[in-house]
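What follows is the residue order along each chain.
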Amino acid sequence: CELSKPLMSQRSLPGTPVSHKHLPIDLRTSMDGKYKEIAEELLARSLTDSDMRCAPYEFPEESPIEQLEEKRHRLERQISQDVKLEPEILLRAKQDFMKIDSATDLEYLKDSHVDELYLHHMETLVEKNFQRVSISGEEKCGVPFTDLVDAAKCVVKALFIREKYMVQSLQTFYKTTGRSLQELSQRALDDDMYEDLHESPGDSDMSVHAPVSETHPYEGQHMKNLPPDAGYSCKMVDGVIHVYTAQNPMDKSTELDLPYPDLQEYIADMNMMMALIINGPVKSFCYRRLQYLSSKFQMHVLLNEMKELAAQKKVPHRDFYNIRKVDTHIHASSCMNQKHLLRFIKSSMKKYPDEIVRMQGGRGQTMMEVFENMNLTAYDLSVDTLDMHADRNTFHRFDKFNSKYNPIGESILREIFIKTDNHIHGKYFGHIVKEVMSDLEESKYQNAELRLSIYGRSMDEWDKLALWAVSHSVYSDNVRWLVQIPRLFDVYRTKQHLSNFQQMLENIFLPLFEVTINPSSHPQLHLFLQHVSHTHTLSRHILSFLLLFQSKSHWLGPDYTKEGPISNDIWRTNVPDIRVGYRYETLCEELHLITQAIRTQELDRIEEEDGLSFTSNQSTR
């Protein structure tokens with residue numbers, strides 16, 4: 001490895017001190033006298049405190065390291081204050097950055113009364129000038145060129161497939177990657193494919209806080225306030241929903257021509273992705289690149305962490321605890337911790353002992369009867385008896401992991417406390433989720449994307465889920481829902497819950513199309529879907545509706561969709577521009593590696609074909 005920007009500092013021979021007169025340029029400043037005074041003061045203090053000296057790695061009690069750190073910080077603050085009062089230093093730094101060699105240019109900068117905004121801009125530019133690590137020589141990736149070409153082709157195929165399905169599902173594809181693919185395919189770049197379709201442009205002066213709902217979105221809603229019927233109709237044919245402009249779906253002349261991948265195309269793409277996943281050379285190449293990138297990042301931190309830390313310290317109020325964070329892949333049924341669930345169960349046992357919570361053998365069972373049948377009291381319950389912690393024994397053991405959702409190992413308690421569809425219509429589950437939401441709102445900066453499940457066993461599952469959320473007012477500005485569809489068709493088919501796979505697809509997708517066309521057909525579902533970020537299913541014929549995280553402009557800044565450091569607003573994200581620049585440059589380098597390998601191989605092939613053609617012509621003559 002070598003530094004792409006060599007160090008320009010002046011070094012002396014061993015034992016020879018470096019002084020100003022030994023340097024080719026004059027580095028003296030008007031602050032030298034001040035630095036000398038500070039140095040003399042430190043020397044005097046060190047002589048005074050000589051009795052505090054001790055052996056290396058030992059710190060006496062009368063000289064704790066906190067006091068030494070406090071002295072160092074006090075000195076740093078004093079120097080920074082002196083620098084602020086001395087414009088000569090700032091001008092000298094700008095001269096070095098802008099490569100200004102003439103005294104005339106320096107005098108011009110002195111007379112040009114630069115405002116604070118420009119100074120901040122200059123500081124930003126200086127921060128982006130960070131240390132980089134580069135690899136030189138042939139076969140820089142550590143594998144033979146033929147292996148690189150094969151792996152690059154596979155990775156590019158996967159990227160093309162991802163781009164195709166992202167675009168067809170009206171989701172955005174990253175511009176930098178799209179540009180690299182566009183250059184390979186030699187097609188015009190369609191900027192609309194890479195714009196965020198669900199985000200309106202923001203103002204640079206907008207608040208860092210997203211607007212909060214003044215009223216509860218589920219309260220005071222009337223049918224007359226719902227959007228009108230669009231007048232369309234839909235029908236599923238061979239697993240694909242067809243949309244018609246008329247109310248009668250039998251009239252095929254009114255069918256909308258909407259793009260979608262047919263079954264054969266989808267299976268071909270799926271087989272391609274499966275083949276790439278099990279491809280040995282591709283797995284080895286990707287593993288080696290990940291190892292390299294991990295080491296490269298460690299080197300980046302070693303070289304630039306002080307600059308990044310300094311950039312973060314310049315931003316007031318922002319740190320890790322007061323920037324917006326979103327926890328994803330959080331199952332709603334496990335969004336609470338064990339202690340919270342235990343406390344809620346005990347509280348419910350005291351508040352609702354006589355409430356009928358389930359049906360058993362045609363008769364209702366009260367909360368008290370359920371626990372009496374288990375021979376348990378509130379006093380017997382503890383975090384250990386609850387046994388819902390997913391420890392290392394559940395790793396790669398989905399059967400054990402799934403059983404951890406059962407409190408005390410009893411599926412009955414899971415049905416009562418963490419299910420939306422039960423005898424009490426998910427009352428307890430709604431209450432505990434709202435408590436979690438309240439905790440998120442109190443912390444202010446924490447947000448979550450909670451997962452709920454739709455199984456596709458019946459057509460009314462969406463309506464039941466929406467009714468649970470609306471009737472119990474399960475909503476928070478800090479939470480969005482993700483709906484997942486478990487792949488359990490074989491189980492339902494075995495138990496004769498479903499007769500064919502299209503029936504499952506109809507149960508999943510038809511209600512969504514119906515409520516989109518006519519919100520009055522599923523009013524609660526219409527309200528619920530306003531707060532669903534997206535669905536996660538086993539299939540790519542997927543609906544992309546209402547991708548809400550409209551808060552992104554407020555949390556990340558109005559330019560977050562742009563490429564590189566210009567997209568970053570450290571005052572909102574607390575991420576240094578240096579780190580964003582490193583990430584962007586690393587991505588570009590990886591894309592260049594695979595695309596350049598393919599281009600080089602194509603050029604070699606063309607040159608080889610031209611050579612063969614020339615030889616053939618010579619032979620003919």
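About the cut-offs
- Residues numbered from 1 in each chain as written.
- Predicted model: local features only at pLDDT ≥ 70, side-chain atom pairs only at ≥ 80, totals over all residues.
- Heavy atoms only, no water.
- UniProt positions renumbered as here; feature names shortened; annotations may be inferred.
- Helix = DSSP H or I, 4+ residues; strand = E, 2+ residues; numbered from the N terminus.
- Areas by Shrake-Rupley, 256 points an atom, 1.4 Å probe, with all protein chains shown as cover.
- Pairing = 2+ DSSP bridges.
- Buried < 20%, exposed > 50% of the residue type's maximum accessible area, 1.4 Å probe, protein only.
- Core = buried A, V, L, I, M, F, W, Y, C linked by side-chain atoms within 4.5 Å.
- Contact = heavy atoms within 4.5 Å.
- 1 Å grid on protein atoms, 1.4 Å probe; cavity = no way out; pocket = protein on both sides within 12 Å on 5 of 7 lines; lining within 4 Å.
- Points joined across faces, edges and corners; volume = space filled by probe spheres on them.
- Nonpolar A, V, L, I, M, F, W, Y, C, P; charged D, E, K, R; others polar.
- Patch = residues over 30% accessible without salt bridge, like charges linked within 9 Å, V, L, I, M, F, W, Y side chains within 5 Å.
- Salt bridge = Lys/Arg side-chain N within 4 Å of Asp/Glu carboxyl O.
- pLDDT = per-residue confidence, 0-100.

Per an unreviewed UniProt entry, the protein chain is named AMP deaminase, and its organism is Cyprinus carpio. UniProt lists a comment for the protein chain under the heading Cofactor (unreviewed entry), and it reads "Zn(2+)". Quoted verbatim from the Pathway (unreviewed entry) heading of the UniProt record, the comment on the protein chain is "Purine metabolism; IMP biosynthesis via salvage pathway; IMP from AMP: step 1/1."

S.K.: Could you clarify how one ought to interpret the overall build of the protein chain in this entry?
M.R.: Helices and strands together make up the secondary structure of the protein chain, namely 22 helices and 10 strands. Only carbon and sulfur atoms are counted for the fraction: they give 55% of the accessible area of the protein chain, which is about 38,800 Å².

S.K.: Sorry if this is basic, but what is going on with the pairing of strand 6 (residues 356-360) here?
M.R.: Two faces belong to every sheet, and in a regular strand the side chains alternate between them. Inspection of the sheet shows strand 6 paired to strand 7 (residues 363-366) by 4 bridges, in the antiparallel sense. Note on strand 7: the bridge partner recorded for Met359 is Gly364. Linkage of strand 6 to strand 7, two consecutive antiparallel strands, is achieved through a turn of 2 residues, within which Gly361 is found at a positive phi near 60°.

S.K.: Would you take a moment to explain helix 7 (residues 175-185) for this structure?
M.R.: Within an α-helix, residues lying three or four positions from one another point in the same direction, as the helix has 3.6 residues per turn. Every buried residue of helix 7 is listed here: Lys175, Thr176, Thr177, Gly178, Ser180, Leu181 and Gln182. Directly after helix 7, the chain includes Gln186, whose backbone phi takes a positive value near 55°.

S.K.: Help me out: how do you make sense of the nonpolar core in this one?
M.R.: By size, the foremost hydrophobic cluster in this structure holds 65 residues, and its most contacted members are Phe417, Val433, Trp481 and Phe528. Once you skip the residues sitting within four places of it in the chain, Phe528 turns out to touch Tyr218, Leu452, Trp462, Leu465, Ala466, Ala469 and Trp481. Counting 17 residues, the second largest nonpolar core, distinct from the first, contains Cys141, Ala151, Leu159 and Phe285.

S.K.: Would you mind showing me how to read unusual backbone geometry here?
M.R.: Glycine aside, the phi torsion of most residues is negative, and most peptide linkages are trans. A positive phi angle is found at Asn375, which is not glycine, with a value near 60°. Mapped onto the secondary structure, Asn375 falls in the loop between helix 11 (367-373) and helix 12 (383-386).

S.K.: Would you mind showing me how to read empty space enclosed by the protein here?
M.R.: Any empty space left between atoms is shown by rolling a water-sized probe over those atoms. Applying the stated criterion to the full structure yields 1 cavity of 30 Å³ or more. Quantified by volume, the largest cavity comes out at close to 40 Å³. Taken together, Val208, Arg318, Asn322, Ile323, Arg324, His554, Trp555 and Arg572 make up the lining of the largest cavity. Of the residues belonging to the lining of the largest cavity, the class tally is 3 nonpolar, 2 polar and 3 charged.

S.K.: I'm lost on a nonpolar patch on the surface in this one. Help?
M.R.: Together, Met270, Met274, Ile277 and Ile278 make up an exposed nonpolar region whose accessible area comes to about 410 Å². With respect to the element layout, Met270 can be found in helix 8 (residues 263-277).

S.K.: Please clarify how the confidence of the model for the protein chain should be interpreted in this entry.
M.R.: Atom-level detail of predicted coordinates should not be read off regions where pLDDT is low. Scored by pLDDT, the protein chain has a mean of 76; 67% of the residues are at 70 or more. The least confident element of the protein chain, judged by mean pLDDT, is strand 1 (residues 2-3) at 40; the most confident is helix 16 (residues 461-471) at 95. Low confidence marks residues 82-87, where pLDDT is under 50. Its contacts with residues over four positions away, or in another chain, come to 8 contacts. Counting contacts from residues 89-106, a segment whose pLDDT is below 50, to residues more than four positions away or on other chains yields 21 contacts.

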